[in-house]
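This is what each chain is made of:
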Amino acid sequence: MAKMYVAALIAGLGLALVAGCGQSEVARENLEEAGTRDGGEAVQEPSGTDEQVVIGGYEVEGPEGRNISVPEATVEREELDGYVDEVRPVIEDTVRDVSGVLEPEASFEDGRISVGIDVESVEEARDAAEEGLEELREIEPPDGLEQIHERLVEAYERAIPAYEDILSAAESGNAADLAQTVEESFPEIERLAAESRAILQALESAESQGIRP
């Protein structure tokens, strides 16, 4: 794979994704009405048939100390299931692990420290994010999930220019420029991973925590 080496020591470049995980408490209610038949036999009247689930309504810890808010939403269970089936493969296939995006490889040569960035990995991650954004834009979220869907779209929209900036800096060969660009752009790449996975976790958690209106 093509690698570009620049003379720089990128101090403090953290590659560990820090994402807290939170879960909302979802109440379960069963509205039941009991009648009495002749002879004293109890009979239960049927309750509503449209099941709803509550999603989000909390924050999780994100990279750079920036909390990630998962908006609260209420949606029909059947529509939630269909939405999760659509967005899960998009997130899993197009949000790359941070360690596979930037791979600094330090070496010492001629008295200088060089840091190599795997340009191909950055390009592949950028291309994957662009594909994910296009797929998300084609998904029509069900009523109640519009804000959550918009958060996903915005996370991709912020990450793509960050990839582009890093690639441009790497192509220039300017060590100082590359170091500064990575420092400024890397948090948005981390945030895409943290935010998309926090939202997916909230959606999947809601699937098993339904309430009946």
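Here the structure is shown first, and the text comes after it.
Residues numbered from 1 in each chain as written. Predicted model: local features only at pLDDT ≥ 70, side-chain atom pairs only at ≥ 80, totals over all residues. Heavy atoms only, no water.

**Student:** Explain the overall build of the chain residue by residue, including any values.
**Tutor:** Assigned secondary structure in the chain consists of four helices and 10 strands. Contacts in the chain between residues at least 24 apart in sequence constitute 75% of all its contacts with a sequence separation of at least 6. In the structure as shown, the chain presents an accessible area of about 11500 Å², 42% of it carried by carbon and sulfur atoms. (Helix = DSSP H or I, 4+ residues; strand = E, 2+ residues; numbered from the N terminus. Contact = heavy atoms within 4.5 Å. Areas by Shrake-Rupley, 256 points an atom, 1.4 Å probe, with all protein chains shown as cover.)

**Student:** So what's going on with the environment of Leu 200? Which residues, and what values?
**Tutor:** Position of Leu 200 relative to the elements: it lies in helix α4 (residues 175-207). Owing to a relative accessible area of 7%, Leu 200 belongs among the buried residues under this scheme. Counting along the chain gives 112 residues from Leu 200 to Arg 88, while the straight-line C-alpha distance between them is 6.9 Å. Those residues within four positions of Leu 200 in sequence are excluded, and the remaining contacts are Arg 88 and Ile 91. (Buried < 20%, exposed > 50% of the residue type's maximum accessible area, 1.4 Å probe, protein only.)

**Student:** Go over the packing of helix α3 (residues 146-172) against α4, please, and point to the residues and values.
**Tutor:** Orientation of α3 relative to α4, taken along the N-to-C sense of each, is 155°, at an axis distance of 8 Å. It follows from the interaxial angle that α3 and α4 lie roughly antiparallel. Between α3 and α4 lies a crossing whose hand is left-handed. Residues that form the contact of α3 with α4 fall into these classes: 15 nonpolar, four polar and seven charged. (Axes fitted to C-alpha atoms, helices over the stretch in contact; angles between N-to-C directions. Parallel < 35°, antiparallel > 145°, perpendicular 65-115°, else oblique. Left-handed = near helix turned anticlockwise from the far one by under 90°. Nonpolar A, V, L, I, M, F, W, Y, C, P; charged D, E, K, R; others polar.)

**Student:** Explain helix α2 (residues 119-138) to me, using residue names and the numbers behind them.
**Tutor:** The end-to-end C-alpha separation of α2 is 29 Å, in line with the 28 Å expected for 20 residues at 1.5 Å each. Among the residues making up α2, those that are buried are Val 119, Ser 121, Val 122, Ala 125, Arg 126, Ala 128, Ala 129, Gly 132, Leu 133 and Leu 136. (Expected span 1.5 Å × (residues − 1).)

**Student:** Before we move on, could you go through a negative patch on the surface and cite the residues and values that matter?
**Tutor:** Taken together, Glu 64, Asp 165, Asp 177, Glu 183 and Glu 184 make up a surface patch of like negative charges. It is α4 that provides the largest number of residues to the negative patch, a total of three residues. With respect to the helices and strands, the residue Asp 177 is situated in helix α4. Its relative accessible area of 33% is what places Asp 177 among the partly exposed residues. (Patch = residues over 30% accessible without salt bridge, like charges linked within 9 Å, V, L, I, M, F, W, Y side chains within 5 Å. Salt bridge = Lys/Arg side-chain N within 4 Å of Asp/Glu carboxyl O. Lys, Arg positive; Asp, Glu negative; His and termini not counted. Charge placed at Lys NZ, Arg CZ, Asp CG, Glu CD.)

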